[in-house]
Amino acid sequence: MARRQVLVAAALLAAGVALPAYGQQPGQVPGASAPRVKAPRAPGAPTAKTLRPRQLPSGLPSPAGAAAGAPAAVAPVAQPAAPVTPQAVVAAPPAPSNAFTAGLAMPPFSGTGDAARYEYLRTLARNIDSATVALVDVFRNTSGQPMAGASAPTSLSARERERWSRCRDIYWDFHTFASGAQYVREGLVASPSVQHAAAALDSALTSLDALAECDNVASMISAPARWDPWAQYYENAARHFYSDWYAAVREAHERDRELVVALNGVLPAGRALPVPPGLPRTPPYAGAVIR
C-alpha cells in the first residue's frame, strides 16, 4: 500500500512540473539552445528554394520553356471554322498571261491539220482588221504630237490618259497576233498561196516597234516614279509613236487583206471573209489630208 502511494505521488509531482511548461511561455531555461527566429526577406530577394521541371518519361521532348521553369502554355480554344461560300467551292479559271487586252487577243495555235489552220487564220485575219480599226479610232483627230509642256501625268487630260491606256491594250493584242502567225504558218504546206500570205503577214507584225511605246507611255502614267526625268521620257516615246505607228500598222493591215484573199480560196463554202477595205495613206491626225 505504501509502495502504491509513493508511485502516485511521483506521478502527480511529474504532472505538476510538466503542465506549466506546456501551457505557458516561460523564459529561456538556463543551458537550453536559443530559439530559431526567421529573418525577414527583402523585396525581390531570391528564396533558398529552387523549382525544377518535372522529369518526363524517356523518349518524350521537353515542352518549350520547361528548362527555364516557364509555365506550361495553355491550349487555345478551338474557334468555329468560317462558312464556306459557293464561290470558294468553284475553282477559279487560270489567269491570263497578260491582263491588258482589248478583247481581240489570239490564243496560241493548238490544232492539227489544214482545216484547223485555215480556221485559226480566219479568226486571226478578222481580229487584226478589228484591232487596226480600233487603233485608228483611238488616235483620230489628235494632234499627232506629244502634249506640249507635259511634265507629269497630271499634266495630261483624262481623255489623253485614257487614250494611251486603250492603245496599250491593243498593243498587247497585236503581240498575240505576231505569235499566232509565226507558229501557224509553218504547217501550211498544202496551200503555197496561204503560206506565202501568212509569212508576209508575220514579217509585218514583227515590225510594229512603235506600238510598244503605247505600253511605255501607259506605264509612265501609272508609275511615274519609274521614269525620271519623266518629261523627257514621255516626249521621246510619244514622238516615236506618232511618227511611225500608222505606216507600220497600215503595212500589216495590207498584208492581212492579202491573207483574206488567199484564205477565201481554200475555206469551205459559207466561211469566206469579206476583204477589209484598205486604210488611207495619211494618218488620222487632225488637219491631215486623206490620200
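Residues numbered from 1 in each chain as written. Predicted model: local features only at pLDDT ≥ 70, side-chain atom pairs only at ≥ 80, totals over all residues. Heavy atoms only, no water.

Draft legend 1. Up close: the overall build of the protein. Within the protein one finds 7 helices and 0 strands. Starting at the N terminus and walking to the C terminus, you meet the elements of the protein as α-α-α-α-α-α-α. Looking at the protein as a whole, 31% of its 291 residues qualify as buried. In the protein, the share of contacts with a sequence separation of at least 24, taken over all contacts with a separation of at least 6, comes to 74%. In the structure as shown, the protein presents an accessible area of about 19,500 Å², 59% of it carried by carbon and sulfur atoms. (Helix = DSSP H or I, 4+ residues; strand = E, 2+ residues; numbered from the N terminus. Buried < 20%, exposed > 50% of the residue type's maximum accessible area, 1.4 Å probe, protein only. Contact = heavy atoms within 4.5 Å. Areas by Shrake-Rupley, 256 points an atom, 1.4 Å probe, with all protein chains shown as cover.)

Draft legend 2. The arrangement of the nonpolar core in detail. Core analysis: the biggest nonpolar cluster contains 58 residues, and Leu-205 and Trp-245 have the highest contact counts within it. For this core, the secondary structure elements donating two or more residues are α3 (114-138), α4 (158-184), α5 (192-205), α6 (212-222) and α7 (230-264). A per-element tally of this core places α7 first, with 14 residues. Here Trp-245 is in contact with Leu-135, Val-136, Phe-139, Ala-210, Leu-211, Pro-284 and Tyr-285, once residues within four sequence places are set aside. (Core = buried A, V, L, I, M, F, W, Y, C linked by side-chain atoms within 4.5 Å.)

Draft legend 3. Expanded view of the packing of α3 against α7. Where α3 contacts α7, the axes come no closer than 10 Å and their chain directions differ by 150 degrees. Of the possible angle classes, the one that applies to α3 and α7 is roughly antiparallel. For the pair α3 and α7, the sense of crossing is left-handed. Contact with α3, carried on its side by Tyr-118, Leu-121, Arg-122, Leu-124, Ala-125, Ile-128, Asp-129, Thr-132, Leu-135 and Val-136, involves Trp-245, Tyr-246, Val-249, His-253, Asp-256, Leu-259, Val-260 and Leu-263 of α7 and no other residues of that element. (Axes fitted to C-alpha atoms, helices over the stretch in contact; angles between N-to-C directions. Parallel < 35°, antiparallel > 145°, perpendicular 65-115°, else oblique. Left-handed = near helix turned anticlockwise from the far one by under 90°.)

Draft legend 4. Layout of the state of the cysteines. All told, the structure shown has 1 disulfide when counted by the stated rule. Note on cysteine connectivity: Cys-167 is disulfide-linked to Cys-214, with sulfurs 1.7 Å apart. One end of the pair, Cys-167, is in helix α4; the other, Cys-214, is in helix α6, and 47 residues separate them in sequence. Judged on exposure class, the residue Cys-167 and its partner Cys-214 are both buried. (Disulfide = S-S within 2.5 Å.)

Draft legend 5. Broad picture of the packing of aromatic side chains. Evaluated as defined, the whole model comprises 15 aromatic pairs. Each ring, one from Phe-174 and one from Phe-177, has its centre 5.2 Å from the other, and the planes form 70 degrees; the classification is edge-to-face. Placement of the pair is Phe-174 and Phe-177 together in helix α4, with a separation of 3 residues, close to one helical turn. Taking relative accessible area as the criterion, Phe-174 reaches 4% and is therefore assigned buried. Among the residues examined, Phe-177 registers a relative accessible area of 0% and is labelled buried. Their ring planes at 85 degrees and their centres at 5.5 Å tell us that Trp-245 and Tyr-246 sit as a pair that is edge-to-face. (Phe/Tyr/Trp six-rings, centres within 6.5 Å; stacked < 30°, edge-to-face > 60°.)

Draft legend 6. Quick peek at the pattern of salt bridges. With the rule as written, the count across this model stands at 8 salt bridges. Linking Glu-119 and Arg-271 is a salt bridge whose minimum nitrogen-to-oxygen distance equals 2.2 Å. Within this pair, whereas Glu-119 is found in helix α3, its partner Arg-271 is found in the segment after α7, the two being separated by 152 residues in sequence. You can call Glu-119 partly exposed: its relative accessible area is 29%. Here Glu-258 ties to Arg-255 by a salt bridge, and the two come within 2.7 Å at their closest N and O atoms. Placement of the pair is Glu-258 and Arg-255 together in helix α7, with a separation of 3 residues, close to one helical turn. With a relative accessible area of 39%, Glu-258 lands in the partly exposed category. Using a relative accessible area of 16% as the deciding quantity, one classes Arg-255 as buried. Each member of the salt-bridge network shares a partner with another, and the members are Glu-251, Arg-255 and Glu-258. (Salt bridge = Lys/Arg side-chain N within 4 Å of Asp/Glu carboxyl O.)

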